[in-house]
Amino acid sequence: MTFSGDFTYESRPVRVVFRPGAAVTATPGEVEHLGLRRVLVVCGSRGETVARAVADALGDSCAGLHAEARMHVPVEDADRAVAVARTAGADGVVAVGGGSSIGLGKAIALRTGLPLIAVPSTYSGSEMTPVWGLTEGGAKRTGRDPKVQPRSVVYDPELTRSLPVPLTVTSGINALAHAVEALYAPDTSPLIALMAEEGVRAMTEALPRLATDAADVEARGQALYAAWLCGSCLGSTTMGLHHKLCHALGGTYGLPHAETHTVVLPYALAHNAPAIPKALTVLKRALGTDDPPHALWELAGRLGAPRSLAELGLRETDLAEVAVQVAGQPYANPRPVTADGVRAVLQAAYAGRRP
Ligand code: NAD
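Residues numbered from 1 in each chain as written. Predicted model: local features only at pLDDT ≥ 70, side-chain atom pairs only at ≥ 80, totals over all residues. Heavy atoms only, no water.

Enquirer: Got a minute to help me understand the overall build of the protein chain in this structure?
Expert: When helices and strands are tallied, the protein chain shows 14 helices and 8 strands. Taking 355 residues into account, the globule formula puts the C-alpha radius of gyration at 20 Å, and the protein chain, at 19 Å, falls close to it. For the C-alpha atoms alone, the extent of the protein chain along its principal axes is close to 55 × 40 × 40 Å. Buried residues in the protein chain amount to 55% of all 355 residues. Long-range pairs, those at least 24 residues apart, make up 76% of the contacts in the protein chain with a sequence separation of at least 6. Here the protein chain holds 32 positive side-chain charges and 34 negative ones, and the gap between their average locations is 2 Å. (Helix = DSSP H or I, 4+ residues; strand = E, 2+ residues; numbered from the N terminus. Rg over C-alpha atoms; globule rule 2.2 N^0.38 Å. Buried < 20%, exposed > 50% of the residue type's maximum accessible area, 1.4 Å probe, protein only. Contact = heavy atoms within 4.5 Å. Lys, Arg positive; Asp, Glu negative; His and termini not counted. Charge placed at Lys NZ, Arg CZ, Asp CG, Glu CD.)

Enquirer: Which parts of the structure should I look at to understand the packing of aromatic side chains?
Expert: Given two aromatic rings, one states the distance between the centres and the angle between the planes to describe the pair. Counted by the stated rule, this structure contains 3 aromatic pairs. An angle of 45° between the planes, with centres 5.7 Å apart, marks the rings of Phe18 and Tyr155 as tilted. Remark: Tyr155 occurs in strand β8 (residues 152–155) and Phe18 occurs in strand β1 (residues 15–18); sequence separation between them is 137 residues. By relative accessible area, which is 32% here, Phe18 ends up partly exposed. Accessibility expressed as a relative area gives 0% for Tyr155, which makes it buried. (Phe/Tyr/Trp six-rings, centres within 6.5 Å; stacked < 30°, edge-to-face > 60°.)

Enquirer: Explain helix α12 (residues 292–302) to me, please; I cannot follow it from the model alone.
Expert: At 3.6 residues per turn, the α-helix brings residues three or four places apart onto the same side. Here α12 has its buried residues at Pro292, Pro293, Ala295, Leu296, Trp297, Leu299 and Ala300. Tucked into the core, α12 has its buried residues touching α6 (165–183), α7 (190–212), α10 (257–272) and α11 (277–287). Looking one or two residues beyond α12, the residue adopting positive phi is Gly304, at roughly 80°.

Enquirer: Sorry, what's going on with the site of the ligand here?
Expert: In the region of the ligand, 22 residues are neighbours, and Ser100, Ser121, Thr122, Thr129 and Lys140 sit closest. Contacts to the ligand include Thr129, whose side-chain N or O atom sits 2.6 Å from an oxygen atom. The fraction of the free accessible surface of the ligand (860 Å²) that becomes covered by protein chains is 83%. Top contributing element to the shell around the ligand by residue count: helix α5 (residues 99–112), with 3 residues. Of the residues in the shell around the ligand, the class split is 7 nonpolar, 12 polar and 3 charged. Of the domains in this structure, domain 1 (15–160) and domain 2 (165–351) are the two that each give at least three residues to the shell around the ligand. (Near = heavy atom within 4 Å. Polar contact = N/O pair within 3.5 Å; in protein donor to acceptor, adjacent residues only side chain to side chain. Areas by Shrake-Rupley, 256 points an atom, 1.4 Å probe, with all protein chains shown as cover. Nonpolar A, V, L, I, M, F, W, Y, C, P; charged D, E, K, R; others polar. Domains from an automatic or database assignment.)

Enquirer: Which parts of the structure should I look at to understand unusual backbone geometry?
Expert: In this structure, His72 takes a positive phi of about 70° despite not being glycine. Along the chain, His72 turns up in the loop between β3 (62–69) and α4 (75–87).

Enquirer: Explain the sheet that holds β3 to me, please; I cannot follow it from the model alone.
Expert: Neighbouring strands of a sheet are bound in pairs by backbone hydrogen bonds; such pairs are parallel or else antiparallel. Within the open sheet, the 6 strands sit side by side as β1-β8-β5-β4-β2-β3. Their pairing is parallel. Looking at which strands have only one partner, the edges of the open sheet turn out to be β1 and β3. Geometrically, the sheet is characterised by an average inter-axis angle of 15° between neighbouring strands, direction not taken into account. Where strand β5 (residues 116–120) and β8 come together, 2 bridges link them in parallel fashion. When the sheet's bridge partners are listed, Ala118 is paired in β8 with Val153. (Pairing = 2+ DSSP bridges. Axes fitted to C-alpha atoms, helices over the stretch in contact; angles between N-to-C directions.)

Enquirer: What's the story with the packing of α10 against α12 in this structure? I'm lost.
Expert: Helix-helix packing is characterised by the crossing angle of the two axes and by the distance between the axes. At a minimum axis separation of 8 Å, α10 and α12 run at an interaxial angle of 165°. On the basis of their axis angle, the class for α10 and α12 is roughly antiparallel. Viewed along their axes, α10 and α12 form a crossing whose handedness is left-handed. For the pair formed by α10 and α12, the contact residues are Thr262, Leu265, Pro266, Tyr267, Leu269 and Ala270 on the first element and Pro292, Pro293, Leu296, Trp297 and Ala300 on the second. Across the contact of α10 with α12, the residue classes break down as 10 nonpolar, 1 polar and no charged. (Parallel < 35°, antiparallel > 145°, perpendicular 65-115°, else oblique. Left-handed = near helix turned anticlockwise from the far one by under 90°.)

Enquirer: How do you make sense of the packing of α7 against α11 when you look at a structure like this?
Expert: Where α7 contacts α11, the axes come no closer than 8 Å and their chain directions differ by 30°. As the angle between them shows, α7 and α11 are arranged roughly parallel. Classified by chirality, the crossing of α11 by α7 is right-handed. Where α7 approaches α11, its residues Ala193, Glu197, Val200, Arg201 and Thr204 are matched on the opposing element by Val282, Leu283, Arg285, Ala286 and Leu287. Of the residues belonging to the contact of α7 with α11, the class tally is 6 nonpolar, 1 polar and 3 charged.

On their own, these measurements won't tell you what the molecule is for.
Okay, structure coming up:
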């Protein structure tokens, strides 16, 4: 990448502990480091066993366990979690789980100002961003607020060993999408390019190993490290067409988050490719290919991930409506976003044909 000396980069204070076993062994220390005495642990129903182990490790510093996180943070869930935190007299929140659990923790932090510690168990990257999301009446709102950025992140590769292979692959490609769009974001920078390149390389090396052996702790560590880098890219830049499309497909049509990212990414990248020569140079190097959109599509197929919106349950008759919705919003993207252009991307993603 040729050096461009015109950028703004803001880094936010966050402490990271990265170690196998850290969820249980390091979280109490992070609570203490932040001077907290009564933290509420939040998680989803499927992650309760691990979250309970974290809660037990916290001993008297744990004010309760709230296992009600669900995808896309419905606003009534946020209301209930805030009430639970207040009733428990919590002075902080520990979110254990994927983007949904961290999202619920962020919703509490947004309303109450309580500090958040994240213990991620997927590759969503939410722990590295000041972005929150809430769903009300079928529409998902998102925003940025430094209050919701976790103060401490505990990365524990052991925690991700239970992530089933299909979710490992799609969650990993969700992380790649953050790095890809960060490379052509209006607020990208040489630092972002470094993190994105390393994140893409590390994740695409780790995923095939994990598809063969989901319990490979070294590959788990590499994927989690990649998720950290890709999440940092997401937190520091403005996302474009790809994320807007996935947001609309998830928020309005209820399509699953990581799977949708996996299907859409090769097509969104192919659409933007003519306008992003620098980003493509980085991606070609990171992926070891001359054709990054094809390489991403091929990787998803080889590792058994879904490759078409049809497979995810979208109806072909919905494509026009999504295209109008996405093209109607003003946002940064390297190529102009027209209804026809978006529709072409969607049509290709619907069919799942080679980008
Ligand atoms: P998720 O948190 O909903 O988890 C998906 C499923 O996997 C759940 O059933 C969960 O219980 C299970 N799971 C999680 N970790 C597991 C593990 N280690 N072992 C076994 N099962 C496990 O999904 P996600 O993809 O991590 O997050 C998606 C949500 O996060 C979406 O709502 C998305 O909008 C949000 N998100 C937000 C940001 C942000 O910056 N704010 C970034 C990325 C994603």
